[in-house]
Protein chains: 2
Amino acid sequence: MTDEFIRVTYRIECPDSVEAMAAKIASDQSTGTFTELPGETDAVRRRCAARVESVTPLPPAQTPGFPSDAPGPFNRGDAVIAYPLEAIGTDIAALMTVTVGGVYAARGLTGVRVMDFDLPQAWACHPGPQFGIAGSRRLMGVTEGPMIASIIKPSLGLTPEDTAQVVAELCEAGVDFIKDDEKMMNPGYAPLKARVDAIMPVIEAHAHKTGKRVMYAFGISSADPDQMMQAHDYVADRGGQAAVININSIGPGGMSFLRKRSRLCLHAHRNGWDILTRHPALGMEFRAYQKLWRLMGVDQFQINGIAAKYWEPDESFVRSFHDVMTPIFSEADRPLPVVCSGQWGGQAVETYQRTGQTLDLMYLGGGGIHGHPMGAAAGVRAIRQAWQAAAESETLADKGAHSPELRAALERWG
Amino acid sequence: MTDEFIRVTYRIECPDSVEAMAAKIASDQSTGTFTELPGETDAVRRRCAARVESVTPLPPAQTPGFPSDAPGPFNRGDAVIAYPLEAIGTDIAALMTVTVGGVYAARGLTGVRVMDFDLPQAWACHPGPQFGIAGSRRLMGVTEGPMIASIIKPSLGLTPEDTAQVVAELCEAGVDFIKDDEKMMNPGYAPLKARVDAIMPVIEAHAHKTGKRVMYAFGISSADPDQMMQAHDYVADRGGQAAVININSIGPGGMSFLRKRSRLCLHAHRNGWDILTRHPALGMEFRAYQKLWRLMGVDQFQINGIAAKYWEPDESFVRSFHDVMTPIFSEADRPLPVVCSGQWGGQAVETYQRTGQTLDLMYLGGGGIHGHPMGAAAGVRAIRQAWQAAAESETLADKGAHSPELRAALERWG
């Protein structure tokens, strides 16, 4: 029996005592029931009892997270609860059930948010990314600077032949990476196999002509792991290098199954995550969430960007970037951060400044490349120019003065 | 190309026009991006464009679901959006990504809740429950009346030998079904295989002695489907009949993988679901959620009960009961409703009256059986007496007058 613990930090909000609520959670998630029982001995408690290690008070909230008839204010605090590793082991389903699932059901809470998991060394048993940052660079042949990426537009509705035409234009335009929209999986009008058959020859022809192999990520997600593996194999057997994975839509089981068998670089889209994080008093902080998916094997992680088209505030994106760049057990468990959503280069300098001045990232332009007034190739050049400005501590305006593509982008979207 | 549609009902809340927000969601979830693009032709739109079919206004909210700087009130309405089946197909991961995941990310919402999925006949391709209500009755040998169930207590911390002792007591006490706590999977102090080895001989001995084979559901959940299948096979090969599955902790991939290969009756615990439903303006209604898990193969569905020990109000439980008892495509896709959490018999009459006077249910007592003042056998008898009262339109007090076990329960918890 080990003496190690898994520590989970919860942001608790309730009308009554936060300390008492933390103690109730620790009890409920180990041996508790609603009435006293024979058999709950000291030996039993030692094996599985969770205990509250600390409660850090926070200013109370005036408005409750969940609607409440209590008058308020609502007390808040960050509680660290230690669970014996012996009681949970290293299975992610066990961690989710014991430390997350049950907690969300506790009576008397007006808010609960899982802030972080502090996992002991035994959890280094998980596979983690197969490619990560270094492998992504190697596969794309991009030794330095950001990897510039785009997405098929329109995101849905194109036939495989139409899509291949867009791929040819984007290869010409000079991107390092192209992906299916996350909503593109296996629709009747553009089945995965037909997309692979239409797109891979374009990738190969471009590689043959220029020496540059553009990485294409095909949407292979399926709720059925067997079907997903068939799609995976079809892509990998024809020279494909990457796949877009809708991690929440397949769940931990789908991801674990895939990672063990995967030959592809796994580009994660976290759609669905928003409902877990958008209300600051509820759900789960990205810091906690992303650790589990990295351990399960995400190679590239979409995390929005500055001025995203979605709800997410810039500060949340900046925190996410730092989160994915922080090792859990080693540098190798870091995925490539994918900066995306409404990106066109205008956010490059601010992104660079606020994320630790790193160029270890993928920068993904959709409308910002396809919709550039001088065409897609100019869109890619504008983005590269913007990142050069960032790396050389130049302003976008100064860089634009002698870079017509960036200038045109600034005039269109600036 | 088919003309069928998947219809999704969203409860939308926003400071501006609900109609405009519904239209934005329909556009975002098909071809939309933040800037106009060449290539978005009428042909493209026909293949994949979602459209708003109706918006039913609701009274505005004074307090926003997500915190907002807007002054309020916040407009509300139920929008039905129709997605072409051609664009989604029949994959649950595609449904989740296209109709749920992306919607949760939309800017400008102060609330969004997926209320229902209306799925076309093509979705009847999913396996659904392997056993359901009729199969559960057959396996337990309970031809009529509710199936009376209990759970190992203390829920965690017992060794396999301690657990087997509790199983023997519960078999003696006359239950039809026993389950591991959902938090019990494969901990170091009581690994699954050791539990099976200790428990199954007790089940067999009781069956040999009495002719009654009590159904035991072992916690086999793992985020790794291969490990989960090994656990499944270990249970099934030794005569086990059921498994507790933490559906959210394994995700759709784990559930689909298991169902295709399963020989066990799958008893679903929905821990983690609460965060999706506890705020009425956010997340997902159980009606929508349970349809997907039923299609994936849940045989028995835990749905709390009247006066549950968790946060859930009674009305929510009653709706859930009706939801799981409503066929999606046929009667066979109905799981057995498992009424649980804080149950001791005192809720039997009210449960019967409010759930359509059916006895097609499992009624699960934990503390209500283990903690009965006259012992576990009396706890089971008290629960059976309470259900007899319900079925015979008697009051609990009248029934208790000539039923000492029920009377003792009423004195202890009534």
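Residues numbered from 1 in each chain as written. Chains lettered and ligands numbered in written order. Predicted model: local features only at pLDDT ≥ 70, side-chain atom pairs only at ≥ 80, totals over all residues. Heavy atoms only, no water.

(A) Representation of the domain arrangement of chain A in the model. Residues and elements named next belong to chain A. Split into domains, chain A comes out as domain 1 (5-125) and domain 2 (132-413). On a C-alpha basis, the centroid separation for the pair domain 1 and domain 2 is 36 Å. On the side of domain 2, 16 residues touch domain 1, which itself brings 21 residues to the contact. A combined buried area of about 1,600 Å² lies between domain 1 and domain 2, and 64% of that area is made up of carbon and sulfur atoms. Contact with domain 2 buries surface across domain 1, with I92, R113 and F117 losing the most and accounting together for 38% of the total. The partner of R113 in a salt bridge is E285, and the shortest N-O contact between them spans 2.9 Å. Where domain 1 meets domain 2, there are 12 residue pairs in polar contact (both at pLDDT 80 or more). Of all the secondary structure elements, the ones that give two or more residues to the side of domain 1 that touches domain 2 are α4 (92-101) and β4 (111-118). Sorting elements by how many residues they give to the side of domain 1 that touches domain 2 places β4 first, with seven residues. Each residue belonging to the side of domain 1 that touches domain 2 can be placed in one class, and the counts come to 14 nonpolar, four polar and three charged. (Domains from an automatic or database assignment. Contact = heavy atoms within 4.5 Å. Buried area = accessible area lost by both parts, 1.4 Å probe. Salt bridge = Lys/Arg side-chain N within 4 Å of Asp/Glu carboxyl O. Polar contact = N/O pair within 3.5 Å; in protein donor to acceptor, adjacent residues only side chain to side chain. Helix = DSSP H or I, 4+ residues; strand = E, 2+ residues; numbered from the N terminus. Nonpolar A, V, L, I, M, F, W, Y, C, P; charged D, E, K, R; others polar.)

(B) Broad picture of the packing of aromatic side chains. Taken as a whole and judged by the stated rule, the model has 23 aromatic pairs over all chains. With a centroid separation of 5.8 Å and 50° between ring planes, the pair formed by W344 of chain B and W413 of chain B is classed as tilted. Of this pair, W344 of chain B sits in the loop between β12 (336-339) and α13 (348-354) while W413 of chain B sits in helix α17 (residues 404-413), and the two are 69 residues apart along the sequence. For the pair formed by W344 of chain B and W413 of chain B, the shared burial category is buried. Aromatic side chains Y352 of chain B and W387 of chain B sit 6.4 Å apart centroid to centroid with 85° between the ring planes, which places their arrangement in the edge-to-face category. With Y352 of chain B in helix α13 and W387 of chain B in helix α15 (residues 376-391), this residue pair connects regions lying 35 residues apart in the sequence. Both residues of the pair, Y352 of chain B and W387 of chain B, belong to the buried class. Of the aromatic side chains, those joined through ring pairs into one cluster are W273, F286, Y289, W293, F301 and W311 of chain A. In this structure, R261 of chain A packs its charged tip against the face of F257 of chain A, placed 3.6 Å from the ring centre. Sitting over the ring of Y234 of chain B, R238 of chain B keeps its end group 3.5 Å from the ring centre. (Phe/Tyr/Trp six-rings, centres within 6.5 Å; stacked < 30°, edge-to-face > 60°. Buried < 20%, exposed > 50% of the residue type's maximum accessible area, 1.4 Å probe, protein only. Lys NZ or Arg CZ within 6 Å of the ring centre and 35° of its normal.)

(C) Expanded view of the UniProt feature "domain: Ribulose bisphosphate carboxylase large subunit C-terminal" (unreviewed entry) in chain A. The positions that UniProt labels "domain: Ribulose bisphosphate carboxylase large subunit C-terminal" (unreviewed entry) are, in the present scheme, residues 132-413 of chain A. Between the end C-alpha atoms of residues 132-413 of chain A the distance is 32 Å, and the span holds 50% helix and 13% strand. (UniProt positions renumbered as here; feature names shortened; annotations may be inferred.)

(D) The environment of H269 of chain B, seen in detail. All names here are of chain B. By secondary structure assignment, the location of H269 is in strand β9 (residues 265-269). Spatially, the C-alpha atoms of H269 and K183 are 10.0 Å apart, while their sequence positions differ by 86 residues. Beyond its immediate chain neighbours, meaning those up to four positions away, H269 contacts E182, V244, I245, N246, I247 and Q302.

(E) Structural detail: the packing of helix α15 (residues 376-391) of chain A against helix α17 (residues 404-413) of chain A. All names here are of chain A. The interhelical angle for the contact between α15 and α17, taken along N-to-C directions, is 95°, at an axis separation of 7 Å. Classed by the angle they form, the pair α15 and α17 counts as roughly perpendicular. Listed contacts from α17 to A378, R381, A382, Q385 and A386 of α15 are E405, L406 and A409. Taken together, the residues of the contact of α15 with α17 sort by class into five nonpolar, one polar and two charged. (Axes fitted to C-alpha atoms, helices over the stretch in contact; angles between N-to-C directions. Parallel < 35°, antiparallel > 145°, perpendicular 65-115°, else oblique.)

(F) Structural context of the pattern of salt bridges. Under the defined criterion, the tally for this structure stands at 54 salt bridges over all chains. R263 of chain A serves as the salt-bridge partner of D233 of chain A, at 3.2 Å between the closest nitrogen and oxygen. Here D233 of chain A, found in helix α8 (residues 225-237), pairs with R263 of chain A, found in the loop between α9 (247-261) and β9 (265-269); they are 30 residues apart in sequence, far enough to count as distant. What makes D233 of chain A partly exposed here is its relative accessible area of 28%. Salt-bridge contacts for E285 of chain B lead to R319 of chain B; the nearest nitrogen and oxygen are separated by 3.5 Å. Of the two residues, E285 of chain B is situated in the loop between β10 (282-284) and α11 (286-296) and R319 of chain B in helix α12 (residues 314-325); the sequence distance between them amounts to 34 residues.

(G) Seen up close, helix α6 (residues 160-173) of chain A. Between its terminal C-alpha atoms α6 of chain A stretches 20 Å, which fits the 20 Å expected from 14 residues at 1.5 Å a residue. Within the span of α6 of chain A, buried status applies to P160, T163, A164, V166, V167, L170, C171 and A173 of chain A. (Expected span 1.5 Å × (residues − 1).)

(H) Representation of the relation of the copies chain B and chain A in the model. For the pair chain B and chain A, the relating rotation is 180°, the translation along its axis is 0.0 Å, and the fit reaches an RMSD of 0.0 Å. The transformation relating the two chain copies, once decomposed into turn and shift, fits a two-fold axis. The rotation axis passes nearest to the C-alpha of G251 of chain B in chain B, at a distance of 2.0 Å. (Least-squares fit on C-alpha atoms with pLDDT ≥ 70 in both.)

(I) Structural detail: the sheet that holds strand β5 (residues 147-151) of chain B. Residues and elements named next belong to chain B. Spatially, eight strands are ordered β5-β6-β7-β8-β9-β11-β12-β13 in a closed barrel, and the strand pairing comes out parallel. Strand-to-strand, the axes of this sheet are offset by a mean angle of 25°, without reference to chain direction. Relative to β9, strand β8 (residues 242-246) runs parallel, the two sharing five bridges. Counted as the bridge partner of I245 is A268 from β9. Against the sheet, helix α9 (residues 247-261) touches β8, β9 and β11 (300-302), its axis set at about 135° to β8. (Pairing = 2+ DSSP bridges.)

(J) Focus on helix α6 (residues 160-173) of chain B. As for α6 of chain B, its buried residues are in contact with β5, β6 (177-179), α7 (192-210), β7 (215-219), α14 (367-370) and α15 of chain B. Directly after α6 of chain B, the chain includes G174 of chain B, whose backbone phi takes a positive value near 100°.

(K) The interface of chain B and chain A, seen in detail. Facing the 90 residues of chain B at the interface are 91 residues of chain A. Together chain B and chain A conceal approximately 7,200 Å² of surface at their shared face, both sides included; 61% is due to carbon and sulfur atoms. Linking chain B with chain A are six salt bridges. Between chain B and chain A we count 44 residue pairs in polar contact (both at pLDDT 80 or more) in total. In terms of residue count, α9 of chain B provides more of the side of chain B that touches chain A than any other element does, 11 residues in total. Across the side of chain B that touches chain A, the residue classes break down as 37 nonpolar, 35 polar and 18 charged.

(L) Inspection of the sheet that holds strand β4 (residues 111-118) of chain B at higher detail. Residue and element names in this part refer to chain B. The strand order β2-β3-β1-β4-β10 describes an open sheet built from five strands, whose pairing is mixed. One side of each edge strand has no neighbouring strand; the edge strands of this open sheet are β2 (51-61) and β10. Neighbour to neighbour, the strand axes of the sheet diverge by 20° on average, direction disregarded. Strand direction decides the pairing type here: strand β1 (residues 5-14) and β4, joined by seven bridges, are antiparallel. Along β4, the bridge assignment pairs R11 with R113. The strands touched by helix α4 (residues 92-101) within the sheet are β1, β3 (74-84), β4 and β10, with β4 carrying the most contacts at an inclination of about 140°. Each of β4 and β10 touches α11; the most contacted strand, β4, lies at about 45° to it.

(M) Molecular detail of the packing of helix α8 (residues 225-237) of chain B against α9 of chain B. Residue and element names in this part refer to chain B. Relative orientation of the contacting elements α8 and α9 amounts to 40°, with a least axis distance of 10 Å. By the criterion of interaxial angle, the relationship of α8 to α9 is oblique. Like other packed secondary-structure pairs, α8 and α9 cross with a definite hand, here right-handed. Here P225, D226, M228, M229 and H232 of α8 lie close against α9, whose contacting residues are I250, G254, F257, L258 and R261. Broken down by class, the residue content of the contact of α8 with α9 amounts to six nonpolar, two polar and two charged. (Left-handed = near helix turned anticlockwise from the far one by under 90°.)

(N) Quick look at the side chain of D180 of chain B. Within the secondary structure layout, D180 of chain B lies in the loop between β6 and α7. If sequence neighbours within four positions are ignored, D180 of chain B has contacts with I151, I152, R195, Y216, A217, F218, G219 and V244 of chain B.

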